[in-house]
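The residues making up each chain are set out below.
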There are 2 protein chains.
Amino acid sequence: MKSNKILSVREQIADVLRSDIISGELEPNAKLNEQKLAERFGTSRGPIRDVLIKLTKEGLLVSKDNVGSSVSSPLTPELQKLSIEIRRKIEEHAVKQLENNISEADLAQMDAIIDKMQEHFDKEEFTELTKTDIEFHKYFVGLAGGEDLTNLWYPVVLRMRMNYQRIRNSQTLVDEHRHIVDALRKNDLKLAISSIRKNIK
Amino acid sequence: MKSNKILSVREQIADVLRSDIISGELEPNAKLNEQKLAERFGTSRGPIRDVLIKLTKEGLLVSKDNVGSSVSSPLTPELQKLSIEIRRKIEEHAVKQLENNISEADLAQMDAIIDKMQEHFDKEEFTELTKTDIEFHKYFVGLAGGEDLTNLWYPVVLRMRMNYQRIRNSQTLVDEHRHIVDALRKNDLKLAISSIRKNIK
DNA sequence: TAATTGTACATTGTTAACAATTAATTGCAA
DNA sequence: TTGCAATTAATTGTTAACAATGTACAATTA
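Reading the values: the criteria
- Residues numbered from 1 in each chain as written.
- Chains lettered and ligands numbered in written order.
- Predicted model: local features only at pLDDT ≥ 70, side-chain atom pairs only at ≥ 80, totals over all residues.
- Helix = DSSP H or I, 4+ residues; strand = E, 2+ residues; numbered from the N terminus.
- Contact = placed C-beta atoms within 7 Å.
- Near = placed C-beta within 6 Å.
- Nonpolar A, V, L, I, M, F, W, Y, C, P; charged D, E, K, R; others polar.
- Least-squares fit on C-alpha atoms with pLDDT ≥ 70 in both.
- Expected span 1.5 Å × (residues − 1).
- Buried ≥ 20, exposed ≤ 12 C-beta atoms within 10 Å, placed from the backbone.
- Domains from an automatic or database assignment.
- UniProt positions renumbered as here; feature names shortened; annotations may be inferred.
- Pairing = 2+ DSSP bridges.

Per an unreviewed UniProt entry, chain A goes by the name GntR family transcriptional regulator and belongs to Paraglaciecola mesophila KMM 241.

1. Overview of the overall build of chain A
Of the regular secondary structure elements, chain A holds nine helices and three strands. If you list the helices and strands of chain A from N to C, you get α-β-α-α-β-β-α-α-α-α-α-α. Taken along the three principal axes of its C-alpha coordinates, chain A extends 55 × 40 × 35 Å. The contacts of chain A with a sequence gap of at least 6 include a subset with a gap of at least 24, amounting to 67%.

2. Some details on the protein's contact with DNA strand D
Close to DNA strand D lie 15 residues, the nearest being G68(A), T43(B), S44(B), G46(B) and N66(B). Of all the elements in the fold, those that place two or more residues in the surface near DNA strand D are α2 (34-41) of chain A together with α1 (9-23) and α3 (45-57) of chain B. Its residues placed into classes, the surface near DNA strand D shows four nonpolar, eight polar and three charged.

3. Remarks on the interface of chain B and chain A
Counting residues at the interface gives 20 residues for chain B, matched by 20 residues for chain A. Elements with a contribution of two residues or more to the side of chain B that touches chain A: α3, α4 (77-98) and α6 (126-161) of chain B.

4. Topic: the relation of the copies chain B and chain A
If you rotate chain B by 180° and push it 0.0 Å along the axis, it lands on chain A with an RMSD of 0.1 Å. The transformation just described matches what one would write down for a two-fold rotation axis. Taken as a fraction of all interface residues of chain B, those also at the interface in chain A reach 100%, which identifies the copy contact as same-surface.

5. Thoughts on helix α3 (residues 45-57) of chain A
Note on helix geometry: an α-helix contains 3.6 residues per turn, so any two residues three or four positions apart are oriented the same way. In this model α3(A) runs 18 Å from its N-terminal to its C-terminal C-alpha over 13 residues, within 8% of the 18 Å that 1.5 Å per residue would give. Along α3(A), the residues that are buried comprise I48(A), D50(A), V51(A), L52(A), I53(A), K54(A), L55(A) and K57(A). Looking at the buried side of α3(A), the elements it contacts are α1 (9-23), β1 (31-32), α2, β2 (61-64) and β3 (68-71) of chain A together with α3 of chain B. Just beyond α3(A), the residue with positive phi is G59(A), at close to 90°.

6. Some words on the domain arrangement of chain A
All names here are of chain A. Examined at the domain level, chain A breaks down into domain 1 (9-71) and domain 2 (77-199). Distance from the C-alpha centre of domain 1 to the C-alpha centre of domain 2: 26 Å. The interface of domain 1 with domain 2 comprises eight residues on the first partner and 10 residues on the second. Per-class residue counts for the side of domain 1 that touches domain 2 are three nonpolar, four polar and one charged.

7. Things to note about the protein's contact with DNA strand C
Neighbouring DNA strand C are 15 residues; T43(A), S44(A), G46(A), N66(A) and G68(B) lie closest to it. Counting only elements with at least two residues in the surface near DNA strand C, the list comes to α1 and α3 of chain A together with α2 (34-41) of chain B. Its residues placed into classes, the surface near DNA strand C shows four nonpolar, eight polar and three charged.

8. Quick word on the UniProt feature "domain: HTH gntR-type" (unreviewed entry) in chain A
The UniProt record marks residues 7-74 of chain A with the feature "domain: HTH gntR-type" (unreviewed entry), using the residue numbering of this structure. End-to-end, the C-alpha atoms of residues 7-74 of chain A are 29 Å apart, and along that stretch the chain is 53% helix and 15% strand.

9. A short note on the sheet that holds β3(A)
Residues and elements named next belong to chain A. Read from one edge to the other, the open sheet built from three strands follows the order β1-β3-β2, with strand pairing classed as antiparallel. Because the sheet does not close on itself, it has two edges, and the strands there are β1 and β2. Sheet topology places β1 next to β3; two bridges connect them, and they run antiparallel. Bridge pairing in β3 links K31 to S70.

10. Here we look at the sheet that holds strand β1 (residues 31-32) of chain B
All names here are of chain B. Overall, antiparallel pairing links the three strands, which are arranged β1-β3-β2 in an open sheet. If you trace the sheet from one side to the other, it starts and ends with β1 and β2 (61-64), each paired once. Sheet topology places β2 next to strand β3 (residues 68-71); four bridges connect them, and they run antiparallel. By the bridge assignment for β3, S63 is matched with S69.

What follows is the structure, encoded as structure tokens:
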């Protein structure tokens, strides 16, 4: 059964803005005007401000007192490299926690997410593909370490994914994810870790 | 010369609440009432809400829609261990960036922060000691990687420091920090990294 | 009694007006 | 024209009232 989770107004606005930033529709340094955003989403500035604070803490925006929020610049190569290492450490930790400790239902759910990735890839919906990619990793990170681990992991991956171009070229992306699930299904920890490492780069 | 940075109302409120949480004055699961906080700080609920969102994203609070915010529970031992590894990775990265690339003024500033730590330790002001400890690390992390690296690092260390008891017993804490600065001053990367590793645990 | 519904209360969510700050513009003088 | 000061406009920060939601407890029913 599908969950159809109810999302608050603020979380929906945050999702849209995250998409706009990850897709590049909102370019680095683009200024976000609270009033205009409020009009766009049909709310007042209050909820907009809440979302801007959230996205700032997630690293997608930069805020200056009394001046406002704008889209962050891409990470330097050094920090991008460090972020990859941190992300690997977190996701490898997650895989270890899941060894011999994952249900068929969870594996099926991950299969379903990968199917969705395949669809988006076929239709060349690359922003949606990126979001589904993130959704996949978020799913098993949350499974392994709950909200605490997710909170540790989320800003790292979001910030990394700004202006991320690999996804447009890679035909193997979907398969990489199938390999991860296969390894988890076989409870083959070593294979799972190496699959994760191949996927995160 | 001392900086005496101007802090916004919201940042000052955030600082007080962070202290309350790190010191344990606000216990895990304690509920934070927006109206009462507003009265305590002499503001309206607006700025309070801003701060609660920030602290939630920093991992110190947990928020539920239409219910409110409460203090997070301590990390599980597994996640505490993972956080230590991540923190080491980030701070070791910072040290590498700083090798042969740090000014006398910066070193002097770090000395001054350690002097402040010593004072707090002598007076048994343990919450202030913890905050100064964090200030030290934040200083050189920011020096090495700017705002981006700081944003990556900050939530990890804050969440770790909840209910952190080592500081009450350790007489060597201040010295550990002197060793770090000494190593940086000598541009001895290996020594700096091993000093950092000894300090982060 | 146990479960359920209904109601009153407390708390968070949202809004719009107002205050404070910053950015942009204008006018003036050298 | 250029540089600067004063003024104006645009934007964010704050506030207080109101709406919507969730919680606790009493009343009701099986």
